[in-house]
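Residue-level structural notes
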Amino acid sequence: MTTFDVEALRRQFPALSIEDGGRPVALFDGPGGTQVPESVIAAVGEYYRTSNANHDGPFLTSRRSDERVHEAHQAMADMLGAASADEIKFGANMTSLTFHVSRSIGATMAPGDEIVVTILDHEGNVGPWKAIAADRGLVVRTVDIRESDVTLDLDSLDAVLGPRTRLVAVGWASNAVGTINPVAEIVRRAHAVGAWTYVDAVHAAPHLPIDVQALGTHFLACSTYKFFGPHAGVLYGRQEVLDALPAYKLRPASDRFETGTGNFEGLAGVTAAVEYLADVGAAYGGAAERAPRRERVVAGMGAIRAYEMDLYRHLAAGLGAIPGLTLHGITDEARFDAERTPTAALRLDGLAPRDVAVRLGDEGIAVWDGDFYATGLIERLGLAERGGVVRIGLTHYNTRAEVDRLVDALARIAASAAAAAAV
């Protein structure tokens, strides 16, 4: 197996050559949306040059467009381990797809039926369920966290599961603090009471291999712009469940859950993004170049995971040495590989998160601040009125030198704040 060559991979991402004030940018903003490789950019451009047409026309460009759309469905089926490309539905983003399908799922429920959500989740997997519950007289129950390490409290889950639970909506990983939830166990407990499961895998997809069949979930959603592709949302639905749901669609529409004209050029880029991950698997994950795409993608995600978590351990060690810095989430290194993504949420004493982000931005270092739509979690941690947290998101195109630059900048910012407070 070839050693992971981050510099070779970085050369495939044009945005990584951007400079700010004569310095290369250091992009730790991946949880909000990753950069894309040249192959994705080329695929979108090629679609416009050769295949730009609407669906189901009896002419060349439309036939080509339909081929690109079919290829994207198959690519995502391979990435997620779905049984069929028919189980993949595309939309604008995870949130829009969840709002849409929640209407169909809600229509199968009766007043008094229950939906379970969690404090740890992005609002995209909370708000739609609260909205449909309000419309149909359903009950929403919420799973709490253990505040000490910002992980889901499974005793709290057991307390809200019951005979009227119809759906459990849970995130695979927290986009705010990086916690990886024990989704297989959560799915098992939900199924034990006869409930469907809806898994938000938006933050997991860039960092972990996903197998929807092994997981056994009824639904899973993610967004391709979080794993090196264009802006598009993806919904997996188990075929027999999709077939049983009522569909809110226009009469002529050929697909029951994909509404309106699709983002066909974006879907061409989706296929290229999945192929990029497969190429990583062939180059650095030990997969044969001619192995099935699913096998290469899984190998690629394994190689990415190993590199990212080694880099995260380096980041965590650096952050831990900065006085006045509080890191939220799992801090026990022994738990990193199994229970967290390479995403850090922090605060510096005496500084608002936006102030920290601005100072880093002035040095060409991109991080996010706020709640990142994990609104319930930031409220639960008591940080909503204090500006939330600073979020650092590592991806496989970040380097150790970039991490050192970030840690040095944070240390200087922290020291400056401490000096100012002492005056």
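Residues numbered from 1 in each chain as written. Predicted model: local features only at pLDDT ≥ 70, side-chain atom pairs only at ≥ 80, totals over all residues. Heavy atoms only, no water.

Another aspect to go through is the layout of surface pockets. If you add up the space inside the largest pocket, you get close to 740 Å³. In terms of lining, the largest pocket is formed by 31 residues, of which the most central are D255, E258, G260, G262 and F264. For the lining of the largest pocket, the elements supplying multiple residues, two or more each, are α3 (60–80), β4 (88–91), α4 (94–106) and α10 (264–284). The class makeup of the residues in the lining of the largest pocket is 12 nonpolar, 13 polar and six charged. Computed from the structure, the second largest pocket encloses a volume of approximately 490 Å³. Together, 29 residues line the second largest pocket, and H122, Y225, K226, F372 and Y373 are the ones closest to its centre. Listed by contribution, the elements that provide at least two residues to the lining of the second largest pocket are α4 and α5 (127–136). A per-element tally of the lining of the second largest pocket places α4 first, with three residues. Broken down by class, the residue content of the lining of the second largest pocket amounts to 11 nonpolar, 13 polar and five charged. (1 Å grid on protein atoms, 1.4 Å probe; cavity = no way out; pocket = protein on both sides within 12 Å on 5 of 7 lines; lining within 4 Å. Points joined across faces, edges and corners; volume = space filled by probe spheres on them. Helix = DSSP H or I, 4+ residues; strand = E, 2+ residues; numbered from the N terminus. Nonpolar A, V, L, I, M, F, W, Y, C, P; charged D, E, K, R; others polar.)

Moving on, we get to the sheet that holds β4. The seven strands are arranged β4-β12-β11-β10-β9-β5-β6 in an open sheet whose pairing can be described as mixed. The two strands at the open ends of the sheet, each matched to only one other strand, are β4 and β6 (139–143). Neighbouring strand axes in the sheet, compared pairwise and without regard to direction, differ in orientation by 20 degrees on average. By the bridge criterion, three bridges tie strand β10 (residues 196–200) to strand β11 (residues 219–223) in an arrangement that is parallel. What sits directly across from Y198, in β11, is F219. (Pairing = 2+ DSSP bridges. Axes fitted to C-alpha atoms, helices over the stretch in contact; angles between N-to-C directions.)

Turning our attention to the nonpolar core. Ranked by size, the top nonpolar core spans 113 residues in total, and within it M76, W172 and I392 carry the most contacts. Ranked by residues supplied to this core, first place goes to helix α11 (residues 293–320) with 11 residues. One finds L97, V101, L167 and L245 within the second-largest nonpolar core, a separate group that totals 23 residues. (Core = buried A, V, L, I, M, F, W, Y, C linked by side-chain atoms within 4.5 Å. Buried < 20%, exposed > 50% of the residue type's maximum accessible area, 1.4 Å probe, protein only.)

As enumerated under the stated definition, the model contains two cavities of 30 Å³ or more in all. What lines the largest cavity is simply G30, P31, T34, V202, H203, P206, H207, K226 and T395. Considering only enclosed or pocket space, the second largest cavity measures out at about 30 Å³ in volume. T118, V143, L152, L154, L157, V168, V170 and I186 together form the lining of the second largest cavity. Elements supplying a minimum of two residues to the lining of the second largest cavity: α6 (154–160) and β9 (165–171). Classifying every residue of the lining of the second largest cavity gives seven nonpolar, one polar and no charged.

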